[in-house]
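A closer look at the structure
This is what each chain is made of:
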Amino acid sequence: MATLPLVLSGLLVAGLLLYRAALPRLLPGIPHDAKSSRRLFGDLPDGLQYAARTKEFLSFLSWRCEQLGSPIVQVSLRPFQKPLVVVSDSRETFDILHRRGRDFDQSDGFRLNFSAAWPNSTVTMRTGEQWRYNRRLVVETMSPAFLRDIDGPTTHKMSLELMKLWRRKAERAQGRPFDVQSDLNKVTNDVIWQVLLGTEVRAVKSQIEYLSSAEKVDLPASVDEVVALPEGSLPEVFNAFGLLAESSTIARKSVFGSWAAQVAVRVYPELSRAWRLKNAIVKRSARDAWNKFKDIDLVDKHQATSAAEFVVQREVKQAQKEGRKPEGPSKWLEGELAIMLAAGYDTTASSMSWGLNYLSIHQDVQAKIRRILRETFPKAVAESREPSPAELYNTALLYLDAFIEEVLRCSQLIPSLSRTTITNTRLLGYDIPIGTTVVSPHHRPKRTAPRSEKPSTSKGPPDTKLAPVKDSARTSSGEEFQPQVNEWDDTSDDLQNFRPERYMPSKEGDEHLDLMAGPHVTFGGGTRGCFGKKIAYLNMRILLAIIVWNFELLPLPDELSGLESVEANTVTPRRVPVRLRPLAG
Ligand code: HEM
């Protein structure tokens, strides 16, 4: 009998110990929210309240910095875990990304989030031998030859299909706006599968076919109301891929982190079917590419038409030059092709969605892009055709490129970057132990202002200023590092404006795109920065040029041009309504 109180007190002590172990384990000295540090879920309740108020969660991190008045704070979001260190200082962020590879690597969370659905790929690896090996396997897909001969023409072809679809839709909508967000997903999906694997998904084509036989549409009485156009069923690959792409958000949202994603991908029937389908297609493409080019006498007989074929063709040629046996398809090549599919799909779709919203809102900018395109390609105008892939690849289109930069700046579709420390190190004057994840959010209020009525204005707390960072607090590399990039002037109201010209220095005779006009981290940076940036830029350039050439995006009523966002893998607009007026050739 005397054992019962003993057992109960044992349980009580164990419970207390467990509770204490689950509480946030604060790093000494780094500013934090006092009440959060006493809660199991740390800052999460405040984050959720913030999200309910602002419909955003990720900008909560920068809000915490603003609230505590410090460019560095710590935040806990899950029990039993080390806090995240949040750094809201662009100079320090640049330093971490570009100069401190010995102290920081790609964040453990980022790597693990992708590891369930996209194994054997660089994204899931620490920077090391295997990462370098994988990178080398596909490095040629960023070469001018690949971009010019494969990516550009494929994107161009798919953009024209989208135009065909939109002409039919515009006809049906009879001057009413309709939402094109899912069409942008379809076209970027079509492009990326075709470019990387040579797989024809036919997401856009399936809708063209469907629309030609679909029944008449009920039009709303008001010409300002969005018309819901019928949508045909979509190819299996498209649906499966959408599901898989979402799977990395499972890890982010669950308290069990990447474990939840690992289980979900294997256990949920739809998800595991999608996973197997993706694996089978990638495997088949790699194998077909190998069969097409594996012998040296085949190498020059055929043209490569996808990334899979291009890398195999290059490898066979290179092996011959070096007098060795070429490497055939491997799980690493498959992993790399698969992650490029995943990384290149919704990022590009999201940036295009923002781009079209900004085109509808900023009619002057849209007109200027169109005017410049027509002046630049008089032959295409004379021949009543769109500029060709080669013309769009080879010609300087400064204003369009600056527009893309401005879309990326304002939309902040990648809301934060993160790295994990691989040594004990220092950051802004504080000790940071090995294994700590450091997050750099991009949601500094003024910088996000053009996207929407931001938390810092109507819905959130006052726009407090961060204390400036003293140079003595920086690590030596931070102190010495004078980035080649200017700071945005946070006090200037100009940051609220959508103004592509900010990327075009006005010196006459020196017309170039000034990517260093301000801190620009949409693609991350350093060794682990975005690998597919060149494909992303070229695809956005071609898609936007073809859209603006073929259609006028007419103004929309104010209530439709809101720029509210949704957070998933990227931050995307809630909707992309357009009122399209087809233009002659
Ligand atoms: C607008 C489009 C895109 C955006 C905004 C974007 C953004 C990013 C960002 C922020 C990262 C993480 C960088 C870091 O942590 O420093 C990343 C990584 C990556 N991106 Fe992109 N990306 C885009 C398009 C693409 C495309 C088209 C591809 C491939 C075809 C691609 C392939 C990759 C890969 C493979 C990585 C992982 C690199 C590594 O871990 O070593 N991305 N991207």
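Residues numbered from 1 in each chain as written. Predicted model: local features only at pLDDT ≥ 70, side-chain atom pairs only at ≥ 80, totals over all residues. Heavy atoms only, no water.

**Overview of the pattern of salt bridges**
In total, this model carries 38 salt bridges according to the counting rule given. Close ionic contact of Arg 64 with Asp 43 constitutes a salt bridge, the shortest N to O distance being 2.9 Å. Of this pair, Arg 64 sits in helix H3 (residues 60-68) while Asp 43 sits in the loop between helix H1 (3-22) and helix H2 (44-54), placing them 21 residues apart in sequence. Like Arg 64, the residue Asp 43 is buried in the burial classification. The residue Glu 140 makes a salt bridge to Arg 314 at a minimum N-O spacing of 2.9 Å. Residue Glu 140 is found in the loop between helix H6 (129-138) and helix H7 (144-173), and its partner Arg 314 is found in helix H14 (residues 307-322); the two are separated by 174 residues along the sequence. Overall, Arg 314 belongs to the partly exposed group, its relative accessible area being 33%. (Salt bridge = Lys/Arg side-chain N within 4 Å of Asp/Glu carboxyl O. Helix = DSSP H or I, 4+ residues; strand = E, 2+ residues; numbered from the N terminus. Buried < 20%, exposed > 50% of the residue type's maximum accessible area, 1.4 Å probe, protein only.)

**Some words on the sheet that holds strand E3 (residues 104-106)**
An order of E1-E2-E8-E5-E3 is seen for the five strands of this open sheet, with the pairing classed as mixed. Looking at strand neighbours, the two that pair on one side only are strand E1 (72-75) and E3, the edges of this open sheet. Sheet twist, expressed as the average angle between the axes of neighbouring strands with direction ignored, equals 35°. As paired strands, strand E5 (residues 416-421) and strand E8 (residues 437-441) are joined by five bridges and run antiparallel to one another. The partner of Leu 417 across the bridge, within E8, is Ser 440. Those strands touched by H3 are E1, strand E2 (84-87) and E8, and its axis lies near 120° from that of E1. Its contacts with the sheet place helix H4 (residues 90-99) against E2, E3, E5 and E8, and it is angled at close to 55° to E5. (Pairing = 2+ DSSP bridges. Axes fitted to C-alpha atoms, helices over the stretch in contact; angles between N-to-C directions. Contact = heavy atoms within 4.5 Å.)

**Remarks on the coordination of the iron atom of the ligand**
Donation to the iron atom of the ligand from the protein comes from one atom only, Cys 530 (SG), at 2.3 Å. Mapped onto the secondary structure, Cys 530 falls in the loop between helix H22 (476-480) and helix H23 (533-550). (Donors = N, O, S within 2.8 Å, 3.2 Å for Na, K, Ca; no water.)

**Focus: the confidence of the model for the chain**
When the pLDDT values of the chain are averaged, the result is 88; 91% of them are 70 or greater. pLDDT under 50 marks residues 445-464. Its contacts with residues more than four places away, or in other chains, come to 60 contacts. (pLDDT = per-residue confidence, 0-100.)

**Comments concerning helix H10 (residues 236-253)**
Here H10 spans 26 Å end to end across 18 residues, near enough to the 26 Å set by a 1.5 Å rise per residue. When H10 is considered as a whole, its buried residues turn out to be Val 237, Phe 238, Ala 240, Phe 241, Leu 244, Ala 245, Ser 247, Ser 248, Thr 249 and Ala 251. Elements in contact with the buried residues of H10: helix H5 (108-115), helix H8 (181-197), helix H9 (203-213), helix H11 (258-267), helix H12 (269-293) and helix H15 (331-361). (Expected span 1.5 Å × (residues − 1).)

**Digging into the domain arrangement of the chain**
Reports of interface size often rely on the accessible area that becomes lost once the parts have come together. Each assigned domain of the chain is listed with its residue range as follows: domain 1 (2-118 + 415-483) and domain 2 (141-413 + 524-582). Relative to domain 2, the C-alpha centre of domain 1 lies at a distance of 33 Å. Between domain 1 and domain 2, the contact holds 28 residues from the first and 39 residues from the second. Roughly 2,800 Å² is buried in total at the junction of domain 1 and domain 2, and carbon and sulfur atoms are behind 53% of that figure. (Domains from an automatic or database assignment. Buried area = accessible area lost by both parts, 1.4 Å probe.)

**Considerations on the pairing of E8**
The element E8 is extensively covered by neighbouring structure, given that five of its five residues are classed as buried. Alternating residues of E8 divide into Thr 437, Val 439 and Pro 441 and Val 438 and Ser 440, and every residue in both groups is buried. Both E2 and E8 contribute to a ladder of two bridges, which runs parallel. Residue pairing in the sheet places Val 86 in a bridge with Val 439 of E8.

**Topic: the pairing of E2**
Relative to E2, E1 is paired through four bridges, and the arrangement is antiparallel. The residue of E2 that forms the bridge with Val 75 is Leu 84.

**Re the site of the ligand**
Contacts to the ligand come from 25 residues, most closely from Gln 106, Trp 131, Arg 419, Arg 528 and Cys 530. Arg 135 places a side-chain nitrogen or oxygen 3.2 Å from an oxygen atom of the ligand. Within the side chain of Arg 419, one N or O atom sits 2.7 Å away from an oxygen atom of the ligand. Going through the elements one at a time, H6, H15, E5 and H23 are the ones with two or more residues in the shell around the ligand. With six residues, the top contributor of residues to the shell around the ligand is H15. Residues of the shell around the ligand, tallied by class, amount to 12 nonpolar, 10 polar and three charged. Here the shell around the ligand spans two domains, and each of domain 1 (2-118 + 415-483) and domain 2 (141-413 + 524-582) adds at least three residues to it. (Near = heavy atom within 4 Å. Polar contact = N/O pair within 3.5 Å; in protein donor to acceptor, adjacent residues only side chain to side chain. Nonpolar A, V, L, I, M, F, W, Y, C, P; charged D, E, K, R; others polar.)

**Regarding the nonpolar core**
Residues Trp 118, Trp 166, Trp 193, Leu 356, Ile 369 and Phe 403 are the most contacted members of the largest nonpolar core, which totals 124 residues. Residues from two domains meet in this core; each of domain 1 (2-118 + 415-483) and domain 2 (141-413 + 524-582) gives at least three. Grouped together as the second largest cluster of nonpolar side chains are 11 residues, Leu 27, Ile 30, Val 87 and Val 438 included. (Core = buried A, V, L, I, M, F, W, Y, C linked by side-chain atoms within 4.5 Å.)

**What to know about the packing of aromatic side chains**
Scanning all chains against the criterion turns up 14 aromatic pairs. Consider the rings of Tyr 50 and Phe 60, whose centres lie 5.7 Å apart with planes at 55°: the pair is tilted. In this pair, Tyr 50 is assigned in helix H2 and Phe 60 in helix H3, connecting sequence segments 10 residues apart. Comparing Tyr 50 with Phe 60 shows no difference in burial state: the two are buried. When the centroid spacing of 5.1 Å and the interplanar angle of 50° are considered together, the rings of Phe 523 and Tyr 537 count as tilted. Residue Phe 523 is located in the loop between H22 and H23, and its partner Tyr 537 is located in helix H23; the two are separated by 14 residues in the primary sequence. (Phe/Tyr/Trp six-rings, centres within 6.5 Å; stacked < 30°, edge-to-face > 60°.)

**Section: unusual backbone geometry**
Phi is positive for Gln 174, close to 45°, though the residue is something other than glycine. By the element assignment, Gln 174 lies in the loop between H7 and strand E4 (178-179). Taking the relative accessible area as the measure of exposure, Gln 174 reaches 51% and is therefore exposed. With phi around 65°, Arg 202 is a residue other than glycine that occupies positive phi space. By the element assignment, Arg 202 lies in the loop between H8 and H9.

**Focus on the packing of H15 against helix H19 (residues 398-411)**
Their axes nearest at 9 Å, the elements H15 and H19 cross at an angle of 105°. Classified by the angle between their axes, H15 and H19 sit roughly perpendicular to one another. Contact residues: H15 offers Ser 351, Trp 354, Gly 355, Tyr 358 and Leu 359, while H19 offers Phe 403, Val 407, Leu 408, Cys 410 and Ser 411. Of the residues assigned to the contact of H15 with H19, the class counts are seven nonpolar, three polar and no charged. (Parallel < 35°, antiparallel > 145°, perpendicular 65-115°, else oblique.)

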